[in-house]
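Each chain, letter by letter, is given below.
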Amino acid sequence: MKKHDILGVFLALVLFQSCTKTEYFEIGEQNNLSLSASQNIQTEFENELFDLVNEHRLSIGLNELQFEITSYQQASEHNDYMISMGQISHTHFDTRAENISNKTGATEVSENVAKDYNSPEEAFTAWLGSQKHRINLEGDFTHSALNVKANSKGDLYFTQIFIR
């Protein structure tokens, strides 16, 4: 294998990461899985990407994901962390998953992360083209949220969290 081929494979592995954690918590009567549309705080860019995910899910016979605020907050905090480190990662995923499960009663939490895509379509296409990301996109989830933030250079960082 040539050096540039190995570098390409390495970069693909670094840029396309996903993570899953199954937690078994009893879903309580007062879970916080839903948020009304009037309270939706996602940006237009985030909404476009969220819509692309839902359009894809509907096109293959899956349910539409509902926005969930706790996951949005955790995704936002994780993007802050990745920006501070200058790289994408799933560092502290277990803590995020536990926080989300404790607040929502979720029994499964997964996430996709990415960096350096310039449009919702680019990010979605990359996630769809990655087997691990696609598993989350097409997984048995009911709620989700995604956050997109730019670092000081304008590089975009993406975190999408999926729960049920």
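Source: prediction; values computed, not measured. (Residues numbered from 1 in each chain as written. Predicted model: local features only at pLDDT ≥ 70, side-chain atom pairs only at ≥ 80, totals over all residues. Heavy atoms only, no water.)

## Examining helix α5 (residues 120-128)
Now for step 1: For α5, the complete set of buried residues consists of Pro120, Ala123, Phe124, Ala126, Trp127 and Leu128.
Now for step 2: Close packing links the buried residues of α5 with α2 (44-59), β3 (108-115), α6 (131-137) and β5 (156-163). (Buried < 20%, exposed > 50% of the residue type's maximum accessible area, 1.4 Å probe, protein only. Helix = DSSP H or I, 4+ residues; strand = E, 2+ residues; numbered from the N terminus. Contact = heavy atoms within 4.5 Å.)

## Remarks on the nonpolar core
Now for step 1: Among the nonpolar cores identified, the biggest contains 23 residues, and Leu49, Phe124, Leu137 and Phe158 are the most heavily contacted of them.
Now for step 2: Per-element tally for this core: the top contributor is α5, with 5 residues.
Now for step 3: Discounting chain neighbours no more than four positions away, the residues touching Leu137 are Val53, Arg57, Asn112, Phe124, Trp127, Leu128, Gln160 and Phe162.
Now for step 4: Listed in part, the 8 residues of the second largest apolar core include Ala97, Ile100, Ala106 and Val109. (Core = buried A, V, L, I, M, F, W, Y, C linked by side-chain atoms within 4.5 Å.)

## Describing the packing of aromatic side chains
Now for step 1: Evaluation of the coordinates by the stated rule reveals 5 aromatic pairs.
Now for step 2: Three or more aromatic residues joined by ring pairs form one cluster here, namely Phe45, Tyr117, Trp127 and Phe158. (Phe/Tyr/Trp six-rings, centres within 6.5 Å; stacked < 30°, edge-to-face > 60°.)

## Let's talk about the packing of α2 against α5
Now for step 1: Following both chains from N to C, one finds α2 and α5 inclined at 40°, their axes separated by 9 Å at the closest point. In terms of orientation, α2 lies oblique with respect to α5. For the pair α2 and α5, the crossing hand works out as right-handed. Here Phe45, Glu48, Leu49, Leu52, Val53 and His56 of α2 lie close against α5, whose contacting residues are Pro120, Glu121, Ala123, Phe124, Trp127 and Leu128. (Axes fitted to C-alpha atoms, helices over the stretch in contact; angles between N-to-C directions. Parallel < 35°, antiparallel > 145°, perpendicular 65-115°, else oblique. Left-handed = near helix turned anticlockwise from the far one by under 90°.)

## Structural notes on unusual backbone geometry
Now for step 1: Here His92, not a glycine, exhibits a phi torsion of approximately 65°, which is positive.
Now for step 2: The phi dihedral of Asp116 is positive, around 75°, even though this residue is not glycine.
Now for step 3: Counting through the fold element by element, Asp116 comes out in the loop between β3 and α5.

## Brief notes about the environment of His90
Now for step 1: If you trace the backbone, His90 turns up in the loop between α3 (69-85) and α4 (93-104).
Now for step 2: Note on His90: relative accessible area 15%, which makes it buried.

## Concerning the confidence of the model for the protein chain
Now for step 1: Here the protein chain shows a mean pLDDT of 83. Residues at 70 or above account for 76%.
Now for step 2: Note on residues 1-17: pLDDT under 50 across the span, and 17 contacts to partners over four residues away in sequence or across chains.
Now for step 3: Scored below 50 in pLDDT, residues 20-39 shows 42 contacts in the model against residues more than four places distant or in partner chains. (pLDDT = per-residue confidence, 0-100.)

## Details of the pattern of salt bridges
Now for step 1: One pass over the structure, following the stated rule, counts 6 salt bridges.
Now for step 2: The residue Asp80 makes a salt bridge to Lys149 at a minimum N-O spacing of 2.6 Å. Highlighted residues: Asp80 in helix α3 and Lys149 in strand β4 (residues 143-150), separated in sequence by 69 residues.
Now for step 3: By relative accessible area, which is 21% here, Lys149 ends up partly exposed.
Now for step 4: Between Arg96 and Glu111 there is a salt bridge, and its shortest N-O distance comes to 2.8 Å. Placement of Arg96 in helix α4 and of Glu111 in strand β3 is noted, with a sequence separation of 15 residues between them. Neither residue differs from the other here; Arg96 and Glu111 are each classed as buried.
Now for step 5: Through salt bridges with shared partners, one network takes in Glu108, Asp140 and Arg164. (Salt bridge = Lys/Arg side-chain N within 4 Å of Asp/Glu carboxyl O.)

## Considerations on α4
In an α-helix, one turn spans 3.6 residues; hence positions three or four apart end up facing the same way.
Now for step 1: End to end, α4 covers 16 Å across 12 residues, agreeing with the expected 16 Å (1.5 Å per residue, within 8%).
Now for step 2: Those residues of α4 not exposed but buried are Phe93, Arg96, Ala97, Ile100, Ser101 and Thr104. Buried residues along α4 cover an arc of 130° about the axis, so they all sit on one side.
Now for step 3: In the stretch just after α4, Gly105 is the one whose phi turns positive, near 85°. (Expected span 1.5 Å × (residues − 1). Arc of directions from axis to C-beta.)

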